[in-house]
Amino acid sequence: QEQLVESGGGLVQPGGSLRLSCVVSEFGFSSLAMTWYRQAPGKKRELVARITSTAGSTSYSDSVKGRFTISRDNAKNTLYLQINNLKPEDTAVYYCNADPKIVINGNIYWGQGTQVTVSS
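Residues numbered from 1 in each chain as written. Predicted model: local features only at pLDDT ≥ 70, side-chain atom pairs only at ≥ 80, totals over all residues. Heavy atoms only, no water.

A. Structural detail: the sheet that holds strand β3 (residues 18-25). Taken together, four strands build an open sheet; the order of strands is β1-β3-β8-β7 and the sheet is antiparallel. At either margin of the open sheet sits one strand with a lone partner, and together these are β1 (3-7) and β7 (68-73). Neighbouring strand axes in the sheet, compared pairwise and without regard to direction, differ in orientation by 15 degrees on average. As paired strands, β7 and strand β8 (residues 78-83) are joined by six bridges and run antiparallel to one another. Following the sheet pairing, Ser-71 is matched in β8 by Tyr-80. (Pairing = 2+ DSSP bridges. Helix = DSSP H or I, 4+ residues; strand = E, 2+ residues; numbered from the N terminus. Axes fitted to C-alpha atoms, helices over the stretch in contact; angles between N-to-C directions.)

Structural data, given as structure tokens:
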């Protein structure tokens, strides 16, 4: 069954760290460039990180550069996002997707996401 399953979120204090995971099923993970997006309450979903299929290249939005690290394990069909020095403005639901995005029946497919809340 085709799936994107994100996990690893939680409630953390400012300055803390989290490692998010995304297990990708039935989409040919190892051949896909992959991305992490996030959507904060009342805001549009934004791209925060991208990694090529072989992990040879990564890129980040300016707001997370130096704090977030995207990586992947093609043998495990899993994408990761290491988040360090968390800030309250990182509070959002985090989603993974491919680049270009996965489309099923004409609609962009998203998993359920994983909630990250940064608060003292």
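Once you've had a look at it, read on.
B. Region of interest: the pattern of salt bridges. A complete count under the given rule lists five salt bridges for this structure. Between Asp-99 and Arg-50 there is a salt bridge, and its shortest N-O distance comes to 2.5 Å. Within this pair, whereas Asp-99 is found in strand β9 (residues 92-99), its partner Arg-50 is found in strand β5 (residues 46-51), the two being separated by 49 residues in sequence. On the accessibility criterion, Asp-99 (34% relative accessible area) is partly exposed. The partner of Lys-65 in a salt bridge is Asp-62, with the nearest N and O atoms 3.3 Å apart. (Salt bridge = Lys/Arg side-chain N within 4 Å of Asp/Glu carboxyl O. Buried < 20%, exposed > 50% of the residue type's maximum accessible area, 1.4 Å probe, protein only.)

C. Broad picture of the side chain of Asn-97. Inspection of the secondary structure assignment puts Asn-97 in strand β9. Here the side chain of Asn-97 touches Ile-102 through a polar contact of 2.9 Å, landing on its backbone nitrogen. Among the polar contacts made by the side chain of Asn-97, one reaches the main-chain carbonyl oxygen of Tyr-109 at a distance of 2.8 Å. In this structure, Asn-97 is in contact with Leu-4, Ala-33, Met-34, Thr-35, Ile-102, Ile-108, Tyr-109 and Trp-110, ignoring residues within four places of it in sequence. (Polar contact = N/O pair within 3.5 Å; in protein donor to acceptor, adjacent residues only side chain to side chain. Contact = heavy atoms within 4.5 Å.)

D. View of the state of the cysteines. Taken as a whole and assessed by the stated rule, the structure comprises one disulfide. Linked covalently through their sulfurs, Cys-22 and Cys-96 form a disulfide whose S-S length is 1.9 Å. Disulfide Cys-22-Cys-96: the torsion about the S-S bond is 45 degrees, which places it as right-handed. Of the two residues, Cys-22 sits in strand β3 while Cys-96 sits in strand β9, which places them 74 residues apart along the sequence. Just as Cys-22 is buried, Cys-96 falls in that class too. (Disulfide = S-S within 2.5 Å.)

E. Representation of the sheet that holds strand β2 (residues 10-12) in the model. The sheet built from six strands is open, its strands ordered β2-β12-β9-β4-β5-β6 with mixed pairing. Looking along the sheet, the strands with just one partner apiece sit at the ends: β2 and β6 (58-60). Each adjacent strand pair in this sheet contributes to an overall mean axis angle of 25 degrees, direction not counted. As judged from the three bridges shared by β5 and β6, these two strands associate in the antiparallel manner.

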